[in-house]
Amino acid sequence: MAVSFSDLHTETGVKALDEYLSGKTYVSGDQLTRDDVKVFAAVLKKPGEGFPNAARWYETVSAHLAASFPGEAVGVRFAGQATPAAPPAEETKDAAPAADDDEDLDLFGEETEDDKKAAEERAAAKASTKKKESGKSSVLLDVKPWDDETDMKKLEEAVRSVQMPGLLWGASKLVPVGYGIKKLQIMMTIVDDLVSVDTLIEDYLTAEPINEHVQSCDIVAFNKI
């Protein structure tokens, strides 16, 4: 049975993803692509031990996104600056047709008749509400403490305590800065019309009481999903 993009929020979808990734490093093969970013954003949390392939893939993609993005990355902004779009890749005979961003991502085989019927119903619903839909973005933040005595565990807990509609916190890691100081790098997925990153930083992450732990926040990368 085919598994759609939305199914990745369920254990059944994660199981299918785990089976699909058997023998693969990334969703599209041996290289990280936008498909990996889309699927990563759809998986709510790191898959458990029962899904070793999906868990390995999740950690690999998380590490790539948390690292510095290459300067030629398409659609990614560094420190608020948009990079120019790269030229389109040369088409090959085996290249698959580009998928419509509004369509569900199907990675696991051909659709059944029930799946096709369900997809048609979803498409009809989307057509009637398309103007009301909002895009999503994947954002990487640098969260810096005051000094080397700051409890980084409490800092991360304070950051994740910020909850609002359209905001989903993702993977994180501590990165050495120097002189014994570490910064927190953390991913988040936002609904663009509901969450302003600047407002999130100014009114929550660097405001009381979180500013007891957080000295400043910087946007490292901003990627449309």
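Provided above is the structure to which this section pertains.
Residues numbered from 1 in each chain as written. Predicted model: local features only at pLDDT ≥ 70, side-chain atom pairs only at ≥ 80, totals over all residues. Heavy atoms only, no water.

Any details on the environment of aspartate 35? Residues and values, ideally.
Within the secondary structure, aspartate 35 is located in helix α2 (residues 34–42). A residue is classified by how much of its surface remains accessible, and aspartate 35, at 26% relative accessible area, is partly exposed. Along the sequence, aspartate 35 and isoleucine 225 sit 190 residues apart, while their C-alpha atoms lie 9.4 Å from each other. (Helix = DSSP H or I, 4+ residues; strand = E, 2+ residues; numbered from the N terminus. Buried < 20%, exposed > 50% of the residue type's maximum accessible area, 1.4 Å probe, protein only.)

How would you sum up the nonpolar core? Please name residues and give values.
Leu141 and Trp169 are the most contacted members of the largest nonpolar core, which totals 25 residues. Counting only elements with at least two residues in this core, the list comes to β3 (136–145), α5 (152–160), β4 (167–178), β5 (181–191), α6 (197–205) and β6 (214–224). The contacts of tryptophan 169, once residues within four sequence positions are left out, are Leu141, Val159, Arg160, Val162, Gln163, Ile186, Met187, Met188, Leu200 and Leu205. (Core = buried A, V, L, I, M, F, W, Y, C linked by side-chain atoms within 4.5 Å. Contact = heavy atoms within 4.5 Å.)

How would you explain helix α3 (residues 52–66) if you had to name every residue and give the values?
Over its 15 residues, α3 runs 21 Å from end to end, which matches the ideal 21 Å to within 8%, given 1.5 Å per residue. Every buried residue belonging to α3 is among Asn53, Ala54, Ala55, Trp57, Tyr58, Val61, Ser62, Leu65 and Ala66, and all of these are buried. Residues of α3 that are buried make contact with α1 (11–20), α2, β3, β4 and β5. (Expected span 1.5 Å × (residues − 1).)

Which residues make up a negative patch on the surface, and what values go with them?
A contiguous patch of negative charge on the surface is contributed by Glu113, Asp114, Glu120 and Glu121. Mapped onto the elements of the fold, aspartate 114 is located in helix α4 (residues 113–129). In this structure aspartate 114 comes out as exposed when scored by relative accessible area, which is 63%. (Patch = residues over 30% accessible without salt bridge, like charges linked within 9 Å, V, L, I, M, F, W, Y side chains within 5 Å. Areas by Shrake-Rupley, 256 points an atom, 1.4 Å probe, with all protein chains shown as cover. Salt bridge = Lys/Arg side-chain N within 4 Å of Asp/Glu carboxyl O. Lys, Arg positive; Asp, Glu negative; His and termini not counted. Charge placed at Lys NZ, Arg CZ, Asp CG, Glu CD.)

Got a sec to walk through the pairing of β4? Specific residues and values, please.
Strand direction decides the pairing type here: β4 and β5, joined by nine bridges, are antiparallel. Bridging across to β5, leucine 174 finds its partner in leucine 184. With antiparallel pairing between neighbouring strands as the criterion, β4 and β5 make up a hairpin whose turn holds two residues, including tyrosine 179 at a positive phi of roughly 60°. (Pairing = 2+ DSSP bridges.)

Residue-level account of unusual backbone geometry, with values.
Glutamate 208 connects to proline 209 through a cis peptide bond whose omega is 0°. Structurally, proline 209 can be placed in the loop between α6 and β6. Within the chain, tyrosine 179 stands out as a residue other than glycine whose phi angle is a positive 60°. Within the element layout of this structure, tyrosine 179 appears in the loop between β4 and β5.

Explain the pattern of salt bridges residue by residue, including any values.
Counted under the stated rule, the structure contains five salt bridges. Residues lysine 224 and aspartate 192 are paired through a salt bridge, measuring 3.0 Å at the closest nitrogen-oxygen approach. Taken together, the residues span a long stretch of sequence, with lysine 224 in strand β6 and aspartate 192 in the loop between β5 and α6 at a distance of 32 residues. Classification of lysine 224 by relative accessible area gives partly exposed; the value is 48%. For aspartate 192, a relative accessible area of 23% translates into the label partly exposed.

Could you give an account of the packing of α1 against α3, naming the residues involved and the relevant values?
One way to put it is that α1 packs onto α3 with a least axis distance of 7 Å and a crossing angle of 85°. On the basis of the axis angle, α1 is roughly perpendicular to α3. The segment α1 lies against α3, with Val14, Leu17 and Asp18 engaging Pro52, Asn53, Ala54 and Trp57. When grouped by side-chain class, the residues that make up the contact of α1 with α3 number five nonpolar, one polar and one charged. (Axes fitted to C-alpha atoms, helices over the stretch in contact; angles between N-to-C directions. Parallel < 35°, antiparallel > 145°, perpendicular 65-115°, else oblique. Nonpolar A, V, L, I, M, F, W, Y, C, P; charged D, E, K, R; others polar.)

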